[in-house]
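# Tertiary structure, described
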2 protein chains.
Amino acid sequence: MGKWPLSEPMREALALARRAAEAGEVPVGAVVVKGGAIVGRGHNRPRQAHDPTAHAEIEAIRAAARALGNERLEGCDLWVTLEPCVMCAGAIAHARIARLYYAASDRKGGAVEHGARVFDQPQTLHRPEVYSGMGEEDAAKLLRRFFKERR
Amino acid sequence: MGKWPLSEPMREALALARRAAEAGEVPVGAVVVKGGAIVGRGHNRPRQAHDPTAHAEIEAIRAAARALGNERLEGCDLWVTLEPCVMCAGAIAHARIARLYYAASDRKGGAVEHGARVFDQPQTLHRPEVYSGMGEEDAAKLLRRFFKERR
């Protein structure tokens, strides 16, 4: 039985995660999509960039906002290979991302279905629709391999 | 009776908040201090920068990490005029900020003593020491004036 094929944005996010791993960074990748087109790409690169905020989601959101000339990404979707952390979930809310798709969940650092559960906080003014699980196996495998090689 | 004089970093953060207001941005300013010297400055500027992540804290942290050539700001303190939001609190934890000083608290958007209370989450691996209140009056006055003029 064949696997259901992954959507184009998640395949691109996984390719970006692989690029992060090649650069020695924790393999997480993300893209922002508007009207079917990718308008922002990013991968995790805090070490390379000397920037603790350079997570895949932040990089993709900043690239998309720059490309669209607007700090509000209305009507845009974010695809990312790992459940966003508290910082990235906050950025997703500030950016007004319409739909969030993430592959693997992250019990230790995720803040969507774990920890601070940012989008469930009454304080959070913008909540994206959230979908998870597609690409999970590929995304988790990349992370496992990365940490195994570094042990 | 005279007011207790504000420390130099908080005076600089307030000056940066005023600069934000002059540029039409919500007046919040921040500095990162290491060994008594300011190593990063930032003010709120999401509109100008077309960047939803361009809060004062993120700008100051990014500037400091760039200046120090390290994504971990060990031994650095962050001074900011307003209680950090969930995104910025996450960034503060990622950056390993040692001490956080903020002026005004923010019931609506703050995530230190309100909302997600990021540093109280068991998931958060790094917690700064937190001090608040110094400069509160000045910081809150700047924000009130800004929003009043825009109503």
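As the structure is a computational prediction, the values presented were derived from the model and not from experiment. (Residues numbered from 1 in each chain as written. Chains lettered and ligands numbered in written order. Predicted model: local features only at pLDDT ≥ 70, side-chain atom pairs only at ≥ 80, totals over all residues. Heavy atoms only, no water.)

### As for the UniProt feature "binding site: Zn(2+)" (unreviewed entry) in chain A
The sites that carry the UniProt feature "binding site: Zn(2+)" (unreviewed entry) are, in the present numbering, His55, Cys85 and Cys88 of chain A. Over a stretch of 34 residues, the named residues converge on one spot in the fold, their C-alpha atoms separated by at most 9.2 Å. For His55 of chain A, the location among the structural elements is in the loop between α2 (46-49) and α3 (56-68). Residue class for His55 of chain A comes out buried when judged on its relative accessible area of 16%. Apart from the residues lying within four places of it in its own chain, the contact partners of His55 of chain A are His43, Asn44, Cys85, Met87 and Cys88 of chain A together with His94 of chain B. By the secondary structure assignment, Cys88 of chain A is in helix α4 (residues 86-94). Residue Cys88 of chain A is classed as buried on the basis of its relative accessible area, which comes to 0%. Look past the residues within four positions of Cys88 of chain A in its chain and what remains in contact with it is His55, Glu57 and Ile58 of chain A. (UniProt positions renumbered as here; feature names shortened; annotations may be inferred. Helix = DSSP H or I, 4+ residues; strand = E, 2+ residues; numbered from the N terminus. Buried < 20%, exposed > 50% of the residue type's maximum accessible area, 1.4 Å probe, protein only. Contact = heavy atoms within 4.5 Å.)

### Quick word on the relation of the copies chain A and chain B
Relating one copy of the chain to the other takes a rotation about an axis and a shift parallel to that axis. Overlaying chain A on chain B yields an RMSD of 0.0 Å, the required transformation being a rotation through 180° with an accompanying axial translation of 0.0 Å. When the rotation and shift are considered jointly, the pair of chain copies conforms to a two-fold rotation axis. Closest to the rotation axis within chain A is the C-alpha of Met87 of chain A, separated from it by 1.9 Å. Most of the interface of chain A is mirrored in chain B, where 100% of its interface residues are also at the interface. (Least-squares fit on C-alpha atoms with pLDDT ≥ 70 in both.)

### Looking at the interface of chain A and chain B
Opposite the 33 residues of chain A that make contact, chain B presents 33 residues. Of the roughly 2500 Å² buried at the junction of chain A and chain B (both faces included), carbon and sulfur atoms supply 60%. At the boundary of chain A and chain B, one finds two salt bridges. Residue Arg62 of chain B is joined to Asp51 of chain A by a salt bridge in which the shortest nitrogen-to-oxygen separation is 2.8 Å. Counting every contact that joins chain A to chain B gives 10 residue pairs in polar contact (both at pLDDT 80 or more). (Buried area = accessible area lost by both parts, 1.4 Å probe. Salt bridge = Lys/Arg side-chain N within 4 Å of Asp/Glu carboxyl O. Polar contact = N/O pair within 3.5 Å; in protein donor to acceptor, adjacent residues only side chain to side chain.)

### Quick look at the pairing of strand β4 (residues 99-104) of chain B
Residues and elements named next belong to chain B. Of all six residues that make up β4, five are buried, and the element is covered over most of its length. Where strand β3 (residues 76-82) meets β4, five bridges bridge the pair, whose relative direction is parallel. In the sheet register, Leu78 faces β4, and the bridge partner there is Leu100. A crossover connection joins β3 to the parallel β4 through helix α4 (residues 86-94); in handedness this β-α-β unit is right-handed. In this sheet, strand β5 (residues 129-132) lies alongside β4 in parallel orientation, the contact comprising four bridges. Bridge pairing in β5 links Tyr101 to Tyr131. (Pairing = 2+ DSSP bridges. Right-handed = clockwise from strand over helix to strand, strands pointing away.)

### Overview of the sheet that holds strand β5 (residues 129-132) of chain A
Residue and element names in this part refer to chain A. Across the sheet, which stays open at both edges, the five strands sit in the order β2-β1-β3-β4-β5 with mixed pairing between neighbours. At either end of the open sheet lies a strand with only one pairing partner, and these are β2 (37-43) and β5. Ignoring strand direction, the axes of neighbouring strands in this sheet form an average angle of 15°. Along the sheet, helix α1 (residues 8-22) makes contact with β1 (29-34), β2, β3 (76-82) and β4 (99-104), crossing β1 at roughly 150°. (Axes fitted to C-alpha atoms, helices over the stretch in contact; angles between N-to-C directions.)

### Overview of the sheet that holds strand β2 (residues 37-43) of chain B
Residues and elements named next belong to chain B. Pairing within the open sheet is mixed, and its five strands lie in the order β2-β1-β3-β4-β5. The strands lining the two open edges of the sheet, one partner per strand, are β2 and β5. Averaged over neighbouring strand pairs, the angle between their axes works out to 15° when direction is ignored. The sheet contacts of helix α1 (residues 8-22) involve β1 (29-34), β2, β3 and β4, and relative to β1 the element is tilted by about 150°.

### Describing the nonpolar core
Among the nonpolar cores identified, the biggest contains 90 residues, and Leu73 and Leu78 of chain A together with Leu73 and Leu78 of chain B are the most heavily contacted of them. The residues touching Leu78 of chain A, leaving out its near neighbours within four places in the chain, are Ala30, Val31, Val32, Glu57, Ala60, Ile61, Ile92, Ile97, Arg99, Leu100 and Tyr101 of chain A. (Core = buried A, V, L, I, M, F, W, Y, C linked by side-chain atoms within 4.5 Å.)

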